[in-house]
Amino acid sequence: MCSVCHGTVESHVISLRTPLGRALFTFRHRIDGLISRQMYSVGSERLIQQAREIQESELQRFYSRLVKQLQAKELGHEAVDSLQRLHLILSACKDSRMLPSDLQKRLLSLLSSPSEQIQVLTSAVLRETLPLSGQEVNYSSMNSHSAAMLLSQAASGAELSSLCSHLLSRLDGRSPDSQAPTVTHTLPILNVLLTHSPESLSEDHVTLLCKKLVDWLRYASITQGGGASTGGFFTGSRSRQPVPTAELDGSVSGDFFTVLCVGQGFTEDQWMNVYSFSMLRHWLLTFHGAASGPMAADLASWLQLSLSLSHSCAPDDRSEVDGSLVSMVSATSSSSRLLPPKERLREKTLQYCLRLIEQSDRKAQKRIDVELQKVCLVEAVCILDGVCEEDPSLVYRAFPCIKALFSRLNTDLSFARVLLPIAQFYLHHGEMAAVECESVWKLVFGRFPAELFNDPFLAHELLRFLRVNVKSLELRVPLYTRSFPNLLKFLAWDSAAVVEDFVDLLPSLVTPGTAVELLHTLLDLPCLSATLILQLRSASLAISEQGGRTFRSLDAFRNPTLRGLFLFLLRGESGSGDTIDRLSSLHSLLSEAAEWPRVLQCSQVVPPLLHIYFDAVVAVADERLLAHLLQVQLERSSLLLNVPKYIQQVHRVFSCHLLRLCKLHPSLVVDQSHELLEFGGTSANVYKKEELYTHVVWVLGEYLSASCDSRCSVSLITACFEALEAVLFEITSSSPPPGSDCPAPRVITTLMSALAKLASRSHDLIPRVSLFLSKLRSGSRASPVWCPDEEDLDAIVTLGEELWSLLKSPGVAQSVLTPPPQLSTPQWHRDINVATPLQLRALTGLTPSP
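A few points on the structure.

Criteria and thresholds
Residues numbered from 1 in each chain as written. Predicted model: local features only at pLDDT ≥ 70, side-chain atom pairs only at ≥ 80, totals over all residues. Heavy atoms only, no water. Helix = DSSP H or I, 4+ residues; strand = E, 2+ residues; numbered from the N terminus. Buried < 20%, exposed > 50% of the residue type's maximum accessible area, 1.4 Å probe, protein only. Contact = heavy atoms within 4.5 Å. Areas by Shrake-Rupley, 256 points an atom, 1.4 Å probe, with all protein chains shown as cover. 1 Å grid on protein atoms, 1.4 Å probe; cavity = no way out; pocket = protein on both sides within 12 Å on 5 of 7 lines; lining within 4 Å. Points joined across faces, edges and corners; volume = space filled by probe spheres on them. Nonpolar A, V, L, I, M, F, W, Y, C, P; charged D, E, K, R; others polar. Salt bridge = Lys/Arg side-chain N within 4 Å of Asp/Glu carboxyl O. Axes fitted to C-alpha atoms, helices over the stretch in contact; angles between N-to-C directions. Parallel < 35°, antiparallel > 145°, perpendicular 65-115°, else oblique. Left-handed = near helix turned anticlockwise from the far one by under 90°. Patch = residues over 30% accessible without salt bridge, like charges linked within 9 Å, V, L, I, M, F, W, Y side chains within 5 Å. Lys, Arg positive; Asp, Glu negative; His and termini not counted. Charge placed at Lys NZ, Arg CZ, Asp CG, Glu CD. Polar contact = N/O pair within 3.5 Å; in protein donor to acceptor, adjacent residues only side chain to side chain. Core = buried A, V, L, I, M, F, W, Y, C linked by side-chain atoms within 4.5 Å. Expected span 1.5 Å × (residues − 1). Phe/Tyr/Trp six-rings, centres within 6.5 Å; stacked < 30°, edge-to-face > 60°. Lys NZ or Arg CZ within 6 Å of the ring centre and 35° of its normal.

## Overview of the overall build of the protein chain
Here is step 1: Broken down by element type, the protein chain carries 43 helices and 0 strands.
Here is step 2: Sorting the 850 residues of the protein chain into buried and exposed places 50% on the buried side.
Here is step 3: In the protein chain, 74% of the contacts between residues at least 6 apart in sequence involve partners at least 24 apart.
Here is step 4: For the protein chain, the computed accessible surface area is about 40300 Å², with 54% contributed by carbon and sulfur atoms.

## With respect to the layout of surface pockets
Here is step 1: The space that makes up the largest pocket amounts to roughly 920 Å³.
Here is step 2: Forming the boundary of the largest pocket are 31 residues, of which R281, V378, C382, P421 and E461 lie nearest the centre.
Here is step 3: At the level of elements, α12 (268-286), α16 (367-390), α18 (416-433) and α20 (456-468) are the ones that each hand at least two residues to the lining of the largest pocket.
Here is step 4: By residue number, the principal contributor to the lining of the largest pocket is α16, which donates 10 residues.
Here is step 5: Partitioning the lining of the largest pocket into residue classes produces 15 nonpolar, 7 polar and 9 charged.

## Thoughts on the pattern of salt bridges
Here is step 1: With the rule as written, the count across this model stands at 27 salt bridges.
Here is step 2: One salt bridge connects E358 with R355, and the closest N-O pair in it is separated by 2.9 Å. Within this pair, E358 and its partner R355 are both found in helix α15 (residues 341-359), separated by 3 residues, close to a single helical turn. Assigned by exposure class, E358 and R355 land together as buried.
Here is step 3: Between D501 and R467 there is a salt bridge, and its shortest N-O distance comes to 2.8 Å. Taken as a pair, D501 in helix α24 (residues 495-509) and R467 in helix α20 lie far apart in primary sequence, 34 residues in all.
Here is step 4: Overlapping salt bridges, with partners in common, bring together E247, D249, R355, E358 and R362 in one network.

## Considerations on the packing of helix α10 (residues 186-196) against α12
Here is step 1: It is at 10 Å that the axes of α10 and α12 come closest, and there the two elements cross at 15°. In terms of orientation, α10 and α12 fall into the roughly parallel class. Here α10 and α12 pass one another in a crossing that is left-handed. Contacts between α10 and α12 involve L187, P188, N191, L194 and T195 on the former and, on the latter, M272, Y275, S276, M279, H282, W283 and T286.
Here is step 2: Here the contact of α10 with α12 is composed, by residue class, of 7 nonpolar, 5 polar and no charged.

## Quick notes on the packing of helix α31 (residues 623-636) against helix α34 (residues 673-680)
Here is step 1: Where α31 meets α34, the axes come as close as 10 Å, and the angle between the chain directions of the two elements is 20°. The pairing of α31 with α34 is recorded here as roughly parallel in orientation. At the point where α31 passes α34, the crossing takes the left-handed sense. Counted together, L630, Q631 and L634 of α31 and E675, L676 and F679 of α34 form the full contact between these two elements.
Here is step 2: Looking at the contact of α31 with α34 residue by residue, the class counts come to 4 nonpolar, 1 polar and 1 charged.

## Concerning the environment of V618
Here is step 1: Assignment of secondary structure puts V618 in helix α30 (residues 597-620).
Here is step 2: Residue class for V618 comes out partly exposed when judged on its relative accessible area of 23%.
Here is step 3: Between the C-alpha atom of V618 and that of L664, which follows or precedes it by 46 residues, the distance is 9.2 Å.
Here is step 4: Beyond its immediate chain neighbours, meaning those up to four positions away, V618 contacts R660, L661 and L664.

## A look at a negative patch on the surface
Here is step 1: A cluster of acidic residues, D789, E790, E791 and D794, forms a negative patch at the surface.
Here is step 2: Along the chain, E791 falls in helix α40 (residues 790-807).

## Considerations on the side chain of R218
Here is step 1: Summarising the element assignment, R218 is placed in helix α11 (residues 203-218).
Here is step 2: Looking at R218, the relative accessible area reads 2%, which means it is buried.
Here is step 3: At a separation of 3.1 Å, a polar atom in the side chain of R218 contacts the side chain of Q351.

## Side note on the nonpolar core
Here is step 1: Counting 250 residues, the largest nonpolar core has W283, W441, F448 and Y613 as its most contacted members.
Here is step 2: Per-element accounting of this core gives the leading share, 11 residues, to α30.
Here is step 3: Beyond its immediate stretch of four places on either side in the chain, W283 contacts L194, L201, V206, L209, C210, L213 and L345.

## Here we look at helix α5 (residues 77-92)
Here is step 1: Over its 16 residues, α5 extends 22 Å from the first C-alpha to the last, a length consistent with the 22 Å expected when each residue adds 1.5 Å.
Here is step 2: Among all positions of α5, only A79, V80, S82, L83, Q84, L86, H87, L88, I89, L90 and A92 are buried.

## So, the side chain of R397
Here is step 1: Along the chain, R397 falls in helix α17 (residues 395-409).
Here is step 2: Within the structure, the side chain of R397 is placed 2.8 Å from the side chain of E347, a separation counted as a polar contact.

## Examining the environment of L83
Here is step 1: Assignment of secondary structure puts L83 in helix α5.
Here is step 2: Taking the C-alpha atoms as reference points, L83 and T122, separated by 39 residues in sequence, lie 7.3 Å from one another.
Here is step 3: With residues up to four places along the chain from it excluded, the contact list for L83 reads L66, L70, L107, I118, L121, T122 and V125.

## Some thoughts on α17
Here is step 1: An ideal rise of 1.5 Å per residue puts 21 Å on 15 residues; α17 measures up with 20 Å between its terminal C-alpha atoms.
Here is step 2: Buried within α17 are the following residues: V395, R397, A398, F399, I402, L405, F406 and L409.

## What to know about the packing of aromatic side chains
Here is step 1: Applying the stated criterion to the full structure yields 16 aromatic pairs.
Here is step 2: Ring geometry for F257 and F266: centres 5.8 Å apart, planes at 70°, overall edge-to-face.
Here is step 3: The class for F266 is buried, based on a relative accessible area of 18%.
Here is step 4: Considering the side-chain rings of F399 and F425, the 5.3 Å spacing of their centres and the 65° angle between planes classify their relative orientation as edge-to-face. Placement of the pair is F399 in helix α17 and F425 in helix α18, with a sequence separation of 26 residues.
Here is step 5: The buried category is assigned to F399, whose relative accessible area is 4%.
Here is step 6: What links up through ring pairs into an aromatic cluster is the set F399, F406, F425 and Y426.
Here is step 7: Cation over ring: R355 sits above F256, and NZ or CZ is 5.8 Å from the ring centre.
Here is step 8: Against the face of F415 rests K374, its NZ or CZ located 5.0 Å from the ring centre.

## Quick notes on unusual backbone geometry
Excluding glycine, residues mostly carry a negative phi; peptide bonds, for their part, are mostly trans.
Here is step 1: Even without glycine at this site, A434 takes up a positive phi of about 55°.
Here is step 2: With respect to the element layout, A434 can be found in the loop between α18 and α19 (438-452).
Here is step 3: On the basis of relative accessible area, A434 is assigned to the exposed category, the value being 66%.
Here is step 4: A positive phi angle, near 70°, is found at K645, a position not held by glycine.
Here is step 5: Along the polypeptide, K645 turns up in the loop between α31 and α32 (646-664).
Here is step 6: On the accessibility criterion, K645 (63% relative accessible area) is exposed.

Geometry only, nothing functional implied.
Next comes the structure, spelled out in structure tokens:
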């Protein structure tokens, strides 16, 4: 657990300081090679199984042999190999083991070994063991590996608090250890501790660390760690003069050191500056709100006090050195030395971040430093956002710099990942600063998805931004819901990576104004996926297959007469139409794309998202909109890209939610009776859309009744009866069409039940049903072509006989096939006015309890 967190600290530093980043990156991979080489080599499962089955006697002999190996003055390859085997044995066991005391004490002493390889292995082994009672670690030689071991084995918060006290005393220069290592190893350990147990830091610890962070951030030396020689060939080291650090463009750096200053070497306090900035956002987030800044009502008096004290700078306060943009920006905060430590840290953090933003405007001489500038900009803007959240009075000092930064970067999409934190800043503080934010949202919801949909890192960051701020975006950014055609491009391009994000975001995109178009867009998502592929191919050189034949769909994409079909799929905002008029033509053009892996993967995420869509639309749509959606389901059931299994899965979703909508609003069946009858009266749907057709027929038979809607007339019932009767007669009197299977028994039984229900509501239709059922019984004696399976045929005939017998008594048939609501959902066991509850209680008393 702690080793992972230590890696997180390293990743912070990697992203901020290039030389240190390369060293730590190499070091981390060396750790992976040392610890995991045996566990993940060929046959690792066999090794793990052997480690779990090792006998206790053999294990004790191994312990004794290892103790002897570790007592040698120099540990060779045999000791390293034994430590690796011991780590494998301990990590393969489900429970932690207790090592012999002499072995564990020897391992503790090796935590301070001069060999980094031994330190890594020893720490990994000890993290898998139970600590000895009275176990002590030599704090004077503690490093990151021993700290990781201590954190993993800490039994109480008191132990962690004691460790914090020791680490902070080292940072404060009060450590009694004469051979204490440099403090640069201490801050990453504290950051790990902060991740897992922030409560172990007392208020005094927090105050002390705030003071130290201020010193490291603002007052690090501005000269390089190694001086430059001023003499000739025979010049000695005494003649070396201090050389100031430089900016990334080669000029002399300003009034204080930051992570964007470069040099041939760095001093300890400069490294602490780098470490401090790498953990600063984590620190501020952990103790967010611990100390509130001045209230907005006191903003005027706060600024007046700062201005009155701006010329009375203390000699030891070096924050007002001339020659820096940040010095001018922070002129109102020269009295920060009078603030409590937490507020003073916020003040110096503001200065530091503004200084970084100013440095990022310089043209870096190396390409890798350009990336460093981007990473630092992201961190600086995020920190400024957090600082302004804690103290709103700082918004007025930070926003001009953020606004200028956005104006400088908004035309360069290579800075997209920097512009997202800027958008976050605008979202949080734009109203307070009274600035126009429309250009920010046009960039975030417009150009980003349209042009960078194939950037996985931006997709992750942007969708994370949307998930974190979805409530604010719904209320304050109307462009958000209108931009779903653009946002869905991320899903169409890399559906497996971002589907979890859209599971959370999709309900927020469903509104009465977007519901219909959003449904069409979800159904066309495989088409969008294919179109994005064609767009990238068209922008590059012409791509041909091995045989030399160009893709037909690529030719169609480049054809000006067909360009409009693809441009509609690539639209950036909603409102230009529900769907494409020539969908069947589009599907024909993209027929070869149905087998592309990216399109196949995209088609697999559509059905689950449709379930989420319908769950959301029921909560926001009125009955009129639901009627429109029901009509869309029937229309689009025939207009889907022919991807393997995609059509069947979509029909299954439609069937499920068709029943749900009609159950919630039975009047929908009368409202959409024309469309439902047209669909139910088409015999081809029996073979091509079995799932959906069965549910449509069931809905017509169940809810086309005067008890559900007073507008349901006898003529409407008769029209529905005749349409379904014609289909049932056709499929039971002829062979299936060429290439089609026989109709499913469920379709036939559903049609029979629906006709019986309709006839029970209009008694004039009963003779027609009875005649058909009698013919069905007589015709079943010979094996019919429409049902070759005897068991299925017997089930169909049995149901026909039951319905025929029931319809002989029309009154009984109506109450059985169309029961009133009080019968279909009985509550007799709760009715105190009838004798049923008494009878039930009596029967319960007579029934023996289990």
